[in-house]
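Residue-level structure breakdown
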Amino acid sequence: MAKVIMVQGTTSNAGKSLTVAALCRIFKQDGLKAVPFKSQNMALNSYITADGAEMGRAQVMQAEAAGIEPDVRMNPILLKPTSDCGSQIIVNGKVRGTMRAKDYYPYKKQLIPDILQAYNSLAEEYDVIVIEGAGSPAEINLRENDIVNMGLAELVDAPVLLVGDIDRGGVFASLYGTVALLQPEEQERIKGLVINKFRGDVDILKPGLDMMEERLHIPFVGVVPYLYLDIDDEDSLSERLQAKQQAALLDIAVIRLPRISNFTDFAPLERIPGVSVRYITRTHELKNPDLIVLPGSKNTMDDLKWMRQNGLEAAVKKYAAAGNPVFGICGGYQMMGLTLADPESVEAGGFIDGMCLLPTHTTFCADKTTTQVHGVMESVDGLFSSLSGAEFDGYEIHMGETVHENTAKPLTAITRGKQLVMDGTQSGNCYGTYVHGIFDREGISKALISALMERKGISAADVQAFDAETYKQQQYDALADAVRHALDMDAVYRILNREV
């Protein structure tokens, strides 16, 4: 059976996800087969595995760091918020239903067998399981039915590292308060403290570290510096969404919908030198970009109504009418059509007009499409004609079916399982597809950016080749090197081996 270590945090965004990824990479470098595990994740950023199961992208990132294929057992429960008070419940990669928070709270203990089955099967295959908690273990109002922090640590008998975020201030108080609010047996599980996101001279912290160890009788195992790395972590991505980036040589504006999902779709574009990707919530922020992208959404109709109410829909339509390019993915693609109907109340129910940028009609249905796909760009018209024939890999996650009017021209041909189907639509300077990850291959992203640069009078030769996979592996190695240097790895191994 695998050895286990768990990473909990004093707050959300304390750095749990990246700490787990770093430990997975370090253990891999040390010759161990490590696997990440998070019993319950709440996120709109999800991924489809090779067998069509849906899981959180944070565990996908951690699996990549560990050098293994993503497996839904790493994240047996995924909650995808559909409103402020409810979420779609995904268990073992498949939709179980939609629940309000007050109904899910007493229900979730029924999911313990699913959690333990996933955990135990991984424990038979790997040397080390690195568990990520969620939020804070000191959410004492939720402790009775906890299945992701100390409740899970007790179930699998895991020692815990507690991580505090010094960047937001009050790290000593948050560490001390978290431990103080735990039950004595839970306090005993915490075998090491970590301060994360530190900027400055560690020697200045030493008196505080000593006082904390004296009061809590828990040793510090390291102080991790603030790391400037490009890794697709949920928390770091949310920081990107909030950043007010200035337009660069080439300016791409992504509409930041209230329920935006899978914004990792745009990471390959952000990484091309000279390209800025800005996330827009108001019309005055739009300015005059070179491309507008409508991203995925967990609630397409409500997010389209939001755009309609704040003027962004009118601004995007005016931009397109002037001959400028608009690209929609998944929910954004659905919005761009003529009509959206929800007869089964999959979202909010009812019928609304779309943006009328593409000649399509979408009907929402209870059956969810979750599959990996391989595809090729069809004969692409207009600005992006150089994409014609380019191949891509990606995945679909949607609960709607889109049909074309007779005048519509498909954008891609995809292999869904063993079936070849037409996907997406193009009309003039407007393009849409259901495929997430369509920009991941260098051939697609480079051709798209080259076309935009040529339109702007910039030589396409300025678009540099970019090996996304090599770059990603370099980032994981840099993360592991920094964390290995910052932590007392001998102490971490003693905790892992139950020597403390």
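Remember, predicted model here, so these are calculated numbers, not experimental data.

Calculation criteria
- Residues numbered from 1 in each chain as written.
- Predicted model: local features only at pLDDT ≥ 70, side-chain atom pairs only at ≥ 80, totals over all residues.
- Heavy atoms only, no water.
- Helix = DSSP H or I, 4+ residues; strand = E, 2+ residues; numbered from the N terminus.
- Contact = heavy atoms within 4.5 Å.
- 1 Å grid on protein atoms, 1.4 Å probe; cavity = no way out; pocket = protein on both sides within 12 Å on 5 of 7 lines; lining within 4 Å.
- Points joined across faces, edges and corners; volume = space filled by probe spheres on them.
- Axes fitted to C-alpha atoms, helices over the stretch in contact; angles between N-to-C directions.
- Parallel < 35°, antiparallel > 145°, perpendicular 65-115°, else oblique.
- Left-handed = near helix turned anticlockwise from the far one by under 90°.
- Nonpolar A, V, L, I, M, F, W, Y, C, P; charged D, E, K, R; others polar.
- Phe/Tyr/Trp six-rings, centres within 6.5 Å; stacked < 30°, edge-to-face > 60°.
- Buried < 20%, exposed > 50% of the residue type's maximum accessible area, 1.4 Å probe, protein only.
- Lys NZ or Arg CZ within 6 Å of the ring centre and 35° of its normal.

1. Quick look at the environment of P70
Here P70 shows up in the loop between α2 (57–66) and β6 (77–81). Each C-alpha atom, one on P70 and one on H374, is 18 Å from the other, the two residues being 304 residues apart in sequence. The residues contacting P70, other than those within four sequence positions of it, are Y47, T49, M55, V60 and A63.

2. A closer look at empty space enclosed by the protein
Evaluation of the coordinates by the stated rule reveals 3 cavities of 30 Å³ or more. Element by element, the count of residues in the lining of the largest cavity is highest for helix α16 (residues 468–486), at 5 residues.

3. Brief notes about the packing of helix α1 (residues 16–29) against α2
Two numbers describe how α1 lies on α2: the axes approach to 7 Å, and their chain directions differ by 20°. With respect to α2, the axis of α1 lies roughly parallel. Here α1 and α2 pass one another in a crossing that is right-handed. For the pair formed by α1 and α2, the contact residues are S17, L18, V20, A21, C24, R25 and K28 on the first element and A58, M61, Q62, E64, A65 and A66 on the second. Classifying every residue of the contact of α1 with α2 by side-chain character gives 8 nonpolar, 2 polar and 3 charged.

4. Focus on the packing of aromatic side chains
Counted by the stated rule, this structure contains 9 aromatic pairs. Measuring from ring centre to ring centre gives 6.4 Å for Y104 and Y107, while their planes differ by 50°; the resulting arrangement is tilted. Of this pair, Y104 and Y107 both sit in helix α3 (residues 101–107), 3 residues apart, roughly one helical turn. Overall, the relative accessible area of 15% leaves Y107 in the buried class. Ring geometry for F327 against Y431: centres 6.2 Å apart, planes inclined by 20°, an arrangement best described as stacked. Separated by 104 residues along the polypeptide, F327 in strand β18 (residues 326–329) and Y431 in strand β26 (residues 430–433) bring together distant segments of the chain. No difference in accessibility class separates F327 from Y431, as the two residues are buried. Just above the ring of Y126 sits the side chain of K33; from NZ or CZ to the centre is 5.2 Å. Its guanidinium or amino end placed over the ring of Y226, R199 lies 3.8 Å from that ring's centre, counting from NZ or CZ.

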